[in-house]
Every structure is written in structure tokens, then in C-alpha cells.
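Read off the chains here:
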Amino acid sequence: MSAYAGTGRLIRLALRRDRVQIAVWIVASVALLAAGAAAVADEFPDEAERVTALKGAGTSPAVLLMRGAPVGTDLGALVNFRNYAFMLVLAALMSTFAIVRHTRQNEENGRAELLGAGRLGRRAGLTSALVVVAGADLLLGAALTGTLLGAGLPADGALAFGAATAATGLAFAGLAAVAAQLFQSARAANAFAATAVGVAFLVRGIGDALGERAADGIQVTGAWPSWLSPIGWGMRVRPFGEEAWWVLALPFALVAACVAVAFALAGRRDFGAGLIPDRPGPKAASRSLLSPLGLAWRLNRGTTLGWVIGGALLGLGIGTLGRTVNEAMSGNTGATELLDQIAGAGAAPLVDTFYAAMMNVFGVLAAGYVVQALLRLRTEEAGGPAEAVLATAVGRVRWVAAHLACAVIGATALLVLAGAGMGVADAAVGGVTGVDPWSAPGWRSFPPR
């Protein structure tokens, strides 16, 4: 029997299962891009206004970190600047979640074993998942291209925008295919793939923030770190700028290498197992597991620690940019006004406004963590452990409250450590640490340092 036997039927099954999810991803992405393009056309109808806005953005490491590098001053370039990085992230997340859902999750919940009882080749599952996700990425790219063409933007830029988005999604699909072979649970594989997306976005942002500004003060050429990121490759295509079509070879090369590695790993591991096995638990359970809160923490501690440590490291990285922001943007009224719009900081000092804008990013991260932590409730209910817990004296309200408490504590820790990381890093590079606590009225009774 061929190793690919049954692939066609698995593709039809996957399309049947994902017909709603893929449609929602694509329609939502198109709607966001259409709204973004319409907003740009309404807010910046002439080039002078676009130049003013982009000059401020080109000198702001914070804005470059979040949105990428400006590529020009026409309407399409500003649409690119405001929406492109976000579209690349959406394509990456759609691809990674879909790959894990049709590979590792199928093995974890027993669906793959049931299907394998029929005439099904060893490589059919992974192949069908890759085909479905590739089709979804191509459809997303075509939809985004059509949206931009419908907005009256140039065809070359619209096509580059859609092609680079699809290629970025394919690159992360390949990474997710490898993750599905490495980890034994879909949760771990999804966490690894999502972390890869976040790291790629951060590395790309650092490269753009450290990039070289053109003489016009608008266009920015990313520094070398952006070449280390698949999202950075997508940005390097520069839709609506000087399109660099050859850069698309990089994500295609990555997906080809990852697919080859994934198939090689799939042939070396046992069915249902990952190459990185789960660690065995202790011989005796901790007394903390006797309470719903202790059990909820035990289930969520890996996710929580990952998000919190990632937030702290990101805070440290952003904190090192404070001095650069102050030097680059001092006297730049347009840049200051742009940061004020993002942060809502009013007449605060420039560096404070920058950090306030960055806390908006951490707020989004905290929200993402809370969503993932609370979805654990559904996982426990569908997988069965919740039934065993609720069979004891634990009621549903206490069970939900325990998970909710863990989510609140984790989100608070993420925000606190991210802010502390920014402050520590800013002080390390010569920034101002703020008010001396020893000089505050409440500490005057203590001897001076």
C-alpha cells in the first residue's frame, strides 16, 4: 500500500471539518484589511498628510516595532504600513493551528487511530493537512489581493501583498508540521508554534527598529535581525514599495525543508507519541492538588510561566530602546503626536509616552494569555478530567473560579514583570529610574542610604 493512500479522502474530511473555521479566518482578515484601507483613504486623502504621518513613524522605534518599516508615501504604502504586519501574523496563526489540529490533535483524541484502521497510508494525515492549509493560505492571499484591488490600489503592490502573506502562512505551516512530530500533545505543539510566531514578530520588530532611515526620513531598511524571521521575510518583499519578489524564495525554501524534516520525524516515532516525551510525574502527589486552585495552577503553570517569562524578556528588550527613542525623536513633533495617539499619554515625557504605548502591546499579550488559560476549562471538560473533579465535593462554581483566579494572577504577573523589565533595562542603558522611594514622605523616618 502506498504511504499516501487515502490522502484525497482525508483532504475532503479536513475541508468538511474546517469549512467554518477557515471561512471565518479569511472573511475576518479581509474585513479588517478593507476597513483599514478605507480608513487610510479617509484620514489621509493627500500626500502631504501621509508624509507628515510617516515621517513621525519612521523615527519611532516603538511604531516600527509594532507595524514594520514604511516603504513609501503613496496610499498603498500607508495601507501596507498600517495593516501588513498584522495580516502576516494572522496568516501564520491560521496555518499553525490548522496543521496541529489535523495532525497531532487527531492522534491525541483517537481520530487518527480510527481512520488508520482503514486503508490509510502512513503519510496521508500530514500530507492532507499540508494540502488543506496550503489551499487556505493561497485563498487568503487571493482574497487580500482582491480586497486591495477593489480599493483602487496598484495591482503590483496588491499582488505582492497577497503573495507574501500566503508565503508567510506556508512557512509557519512547515514549522507547525515539525512541532506536531516533536510534542506528544496538541496543546504543547500549539504553544510551540504560537511562540515561534511571537518570536518571529519580535525579531522582525527589533530589526526594523534598528533599521537604517532613508534621506527622506520616511523609508526604513530593516537591520540584519529581520532576515532571521519568516515575518521579516514577508516584510522584506515591500509591497507598494520597491517590490522584491525574490525574497519569496526564502519562505518557500523553509517550508520545503520543514516538510522534509516532518516526514522524516514521522517515520521515526511511534504512532501517537512525540519525539519529546512527557515527563513522568512524581511518585506522590502534592497536597496542593487537594484543592481546586492547586489543581488549576498545576494544569496552567507551564502556560503561565511561558507567557510571564516571555513578557518579562520582551519588556527587557523594549526597555533597551528608551534612550534611542529619546535621542531619535526629541524635537520631532510629528513622531511625538503619533506616540500620543497610540498611548494616550498627553503631555507626558517622551520616553514615558513610548513606554505607555508599549504597555498597550503587553495588554494585548495579557488578553491572549487569559483566553488561552480559560480555554483550559473546555479542554478539561471535553477530555474527561473535569468529570472526575466534579464528581467530588467540588462544585462547578469553585472549579471555574479556580481557573479564573489563575488567569487573573498570571495576567497580573505578566504585566508587572513586563513593566519592571522595561524599567530595569531602561535604567541599565542610562535612563531615569523614576522617583527615589527613599525620598518619599513615608520613608523619611529611615536613615539615608
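The shown structure was predicted, so the numbers you read here are calculated from the model rather than taken from an experiment.

Engineer: Would you mind going over the packing of aromatic side chains with me for this structure?
Structural biologist: Each aromatic ring pair is summarised here by two numbers: the centre-to-centre distance and the angle between the ring planes. Applying the stated rule across the entire model yields four aromatic pairs. Where Phe-183 meets Phe-192, the ring centres are 5.4 Å apart and the plane angle is 45 degrees; that geometry is what we call tilted. The class for Phe-183 is buried, based on a relative accessible area of 17%. Under the relative-accessibility criterion, Phe-192 is labelled partly exposed at 39%. Taking NZ or CZ as reference, Arg-204 lies 4.6 Å from the ring centre of Phe-201, over its face.

Engineer: Would you explain the pattern of salt bridges in this entry?
Structural biologist: Applying the stated criterion across every chain yields a total of four salt bridges. Ionic pairing is found between Glu-107 and Arg-104, a salt bridge with its closest N-O pair at 3.6 Å. Residue Glu-107 and its partner Arg-104 are located together in helix H5 (residues 104-108), separated by three residues, close to a single helical turn. Among the residues examined, Arg-104 registers a relative accessible area of 1% and is labelled buried. Where Asp-208 meets Arg-204, a salt bridge forms, and the shortest distance between an N and an O atom there is 2.8 Å. Of this pair, Asp-208 and Arg-204 both sit in helix H9 (residues 186-209), four residues apart, which is roughly one turn of the helix. With respect to burial, Asp-208 and Arg-204 carry one shared label: buried.

Engineer: Just to check I follow, could you spell out the packing of helix H12 (residues 292-319) against helix H17 (residues 396-428) for this structure?
Structural biologist: When two helices pack together, their arrangement is given by the angle between their axes and by how far apart the axes lie. Where H12 contacts H17, the axes come no closer than 8 Å and their chain directions differ by 20 degrees. Taken together, the axes of H12 and H17 lie roughly parallel to each other. Like other packed secondary-structure pairs, H12 and H17 cross with a definite hand, here right-handed. Looking at the contact of H12 with H17 residue by residue, the class counts come to 19 nonpolar, eight polar and two charged.

Engineer: Before we go on, may I ask you to explain the nonpolar core in this structure?
Structural biologist: Here is a general trend for soluble globular proteins: nonpolar side chains tend to be buried in one another's company. One finds Ile-99, Leu-148 and Phe-161 to be the most contacted residues of the largest nonpolar core, which totals 69 residues. Breaking this core down by element, the ones donating at least two residues are helix H1 (7-43), helix H4 (75-102), helix H7 (124-150), helix H8 (155-182), H9, helix H10 (230-236) and helix H11 (249-266). Top contributing element to this core by residue count: H4, with 15 residues. Of all hydrophobic cores here, the second largest spans nine residues; its members include Leu-65, Tyr-355, Ala-357 and Met-422.

Engineer: How should the confidence of the model for the chain be read in this particular structure?
Structural biologist: As a note on interpretation, predicted positions should not be read in detail where pLDDT is low. Mean pLDDT over the chain works out to 80, with 83% of the residues at or above the 70 mark. Below pLDDT 50 for its whole length, residues 435-449 participates in seven contacts with residues either more than four positions away or in separate chains.

Engineer: I'm lost on the environment of Arg-101 in this one. Help?
Structural biologist: In this fold, Arg-101 is placed in helix H4. When the C-alpha atoms of Arg-101 and Arg-187 are compared, they prove to be 9.9 Å apart, with 86 residues separating the residues in sequence. Apart from the residues lying within four places of it in its own chain, the contact partners of Arg-101 are Arg-17, Asp-18, Gln-21 and Asn-106. At 3.0 Å, the side chain of Arg-101 and the side chain of Asp-18 are in polar contact.

Engineer: How do you make sense of the packing of H1 against H7 when you look at a structure like this?
Structural biologist: Where H1 contacts H7, the axes come no closer than 9 Å and their chain directions differ by 25 degrees. The angle between the axes of H1 and H7 places the two elements in the roughly parallel class. Relative to H7, H1 is oriented so that their crossing is right-handed. Taken together, the residues of the contact of H1 with H7 break down into 18 nonpolar, six polar and no charged.

Calculation rules
- Residues numbered from 1 in each chain as written.
- Predicted model: local features only at pLDDT ≥ 70, side-chain atom pairs only at ≥ 80, totals over all residues.
- Heavy atoms only, no water.
- Phe/Tyr/Trp six-rings, centres within 6.5 Å; stacked < 30°, edge-to-face > 60°.
- Buried < 20%, exposed > 50% of the residue type's maximum accessible area, 1.4 Å probe, protein only.
- Lys NZ or Arg CZ within 6 Å of the ring centre and 35° of its normal.
- Salt bridge = Lys/Arg side-chain N within 4 Å of Asp/Glu carboxyl O.
- Helix = DSSP H or I, 4+ residues; strand = E, 2+ residues; numbered from the N terminus.
- Axes fitted to C-alpha atoms, helices over the stretch in contact; angles between N-to-C directions.
- Parallel < 35°, antiparallel > 145°, perpendicular 65-115°, else oblique.
- Left-handed = near helix turned anticlockwise from the far one by under 90°.
- Nonpolar A, V, L, I, M, F, W, Y, C, P; charged D, E, K, R; others polar.
- Core = buried A, V, L, I, M, F, W, Y, C linked by side-chain atoms within 4.5 Å.
- pLDDT = per-residue confidence, 0-100.
- Contact = heavy atoms within 4.5 Å.
- Polar contact = N/O pair within 3.5 Å; in protein donor to acceptor, adjacent residues only side chain to side chain.

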